[in-house]
Amino acid sequence: MKDKKEVEMLAAEFESCQKILTALGDEVRQHLILQMIQHGTDCNGMRVPEITNLTHLSRPAVSHHLQILKDAGIVKVRKEGTMNYYYFASDNAIEQLIETLTHANKIIHSLPDRNGE
């Protein structure tokens, strides 16, 4: 059995990634992220109306999904007067998820091979 402390550490890492996993697990948010990556070449970010036009979602739906992505640490918002610009966080939570998955992969690969071959 793997070191209990290391498994507990991985469990805590997974728990801290729950919002990220939830945010990325939704197909609509995946589409929204892809559209923002594809069309968001401007460093200023994108506004809800721009994203709405790209995704064919309603403004409230786009705002809802952006809030989930923001809560997960994937996007941030910058306000200019009454306008909000959404952009990908440079300290992106996806890096935290990658580190967690790398840790899980390391543990899994250290387990004995039981495939019977």
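Definitions and limits used
- Residues numbered from 1 in each chain as written.
- Predicted model: local features only at pLDDT ≥ 70, side-chain atom pairs only at ≥ 80, totals over all residues.
- Heavy atoms only, no water.
- Helix = DSSP H or I, 4+ residues; strand = E, 2+ residues; numbered from the N terminus.
- Contact = heavy atoms within 4.5 Å.
- Patch = residues over 30% accessible without salt bridge, like charges linked within 9 Å, V, L, I, M, F, W, Y side chains within 5 Å.
- Areas by Shrake-Rupley, 256 points an atom, 1.4 Å probe, with all protein chains shown as cover.
- Salt bridge = Lys/Arg side-chain N within 4 Å of Asp/Glu carboxyl O.
- Core = buried A, V, L, I, M, F, W, Y, C linked by side-chain atoms within 4.5 Å.
- Buried < 20%, exposed > 50% of the residue type's maximum accessible area, 1.4 Å probe, protein only.
- Arc of directions from axis to C-beta.

## Notes on the environment of arginine 47
Thinking step 1. When you line up the elements, arginine 47 lands in the loop between α3 (27-39) and α4 (48-55).
Thinking step 2. Sequence separation of arginine 47 and glutamate 95 is 48 residues, and the distance between their C-alpha atoms is 24 Å.
Thinking step 3. Setting aside residues up to four positions removed in sequence, arginine 47 forms contacts with Met83, Asn84 and Tyr85.

## Structural notes on the environment of glutamate 13
Thinking step 1. With respect to the secondary-structure elements, glutamate 13 resides in helix α1 (residues 4-16).
Thinking step 2. Between the alpha carbons of glutamate 13 and leucine 32 there is a distance of 26 Å; along the sequence they are 19 residues apart.

## Looking at a nonpolar patch on the surface
Thinking step 1. Judged by side-chain polarity, Phe14, Leu21 and Leu101 come together as a nonpolar surface patch covering roughly 250 Å² of accessible area.
Thinking step 2. If you trace the backbone, leucine 21 turns up in helix α2 (residues 18-24).

## A closer look at the nonpolar core
Thinking step 1. Ile20, Leu32, Met36, Ile51, Leu66, Leu69 and Ile74 are the most contacted members of the largest nonpolar core, which has 18 residues in total.
Thinking step 2. Among the secondary structure elements, those contributing two or more residues to this core are α2, α3, α4, α5 (59-71) and α6 (93-110).
Thinking step 3. With residues up to four places along the chain from it excluded, the contact list for methionine 36 reads Met46, Ile51, Leu66, Val75, Tyr86, Tyr87 and Phe88.

## Brief notes about unusual backbone geometry
Thinking step 1. Notably, histidine 56 is not glycine yet its phi reads approximately 65°, a positive angle.
Thinking step 2. Relative to the elements of secondary structure, histidine 56 occurs in the loop between α4 and α5.

## Observations concerning α4
Thinking step 1. Among the residues making up α4, those that are buried are Val48, Ile51, Thr52 and Thr55. Angularly, the buried residues of α4 cover 105° about the axis, an arc narrow enough to put them on a single face.
Thinking step 2. Histidine 56 occupies a position one or two residues after α4 and carries a positive phi of about 65°.

Take it as geometry only, folks, not as evidence of what the structure does.
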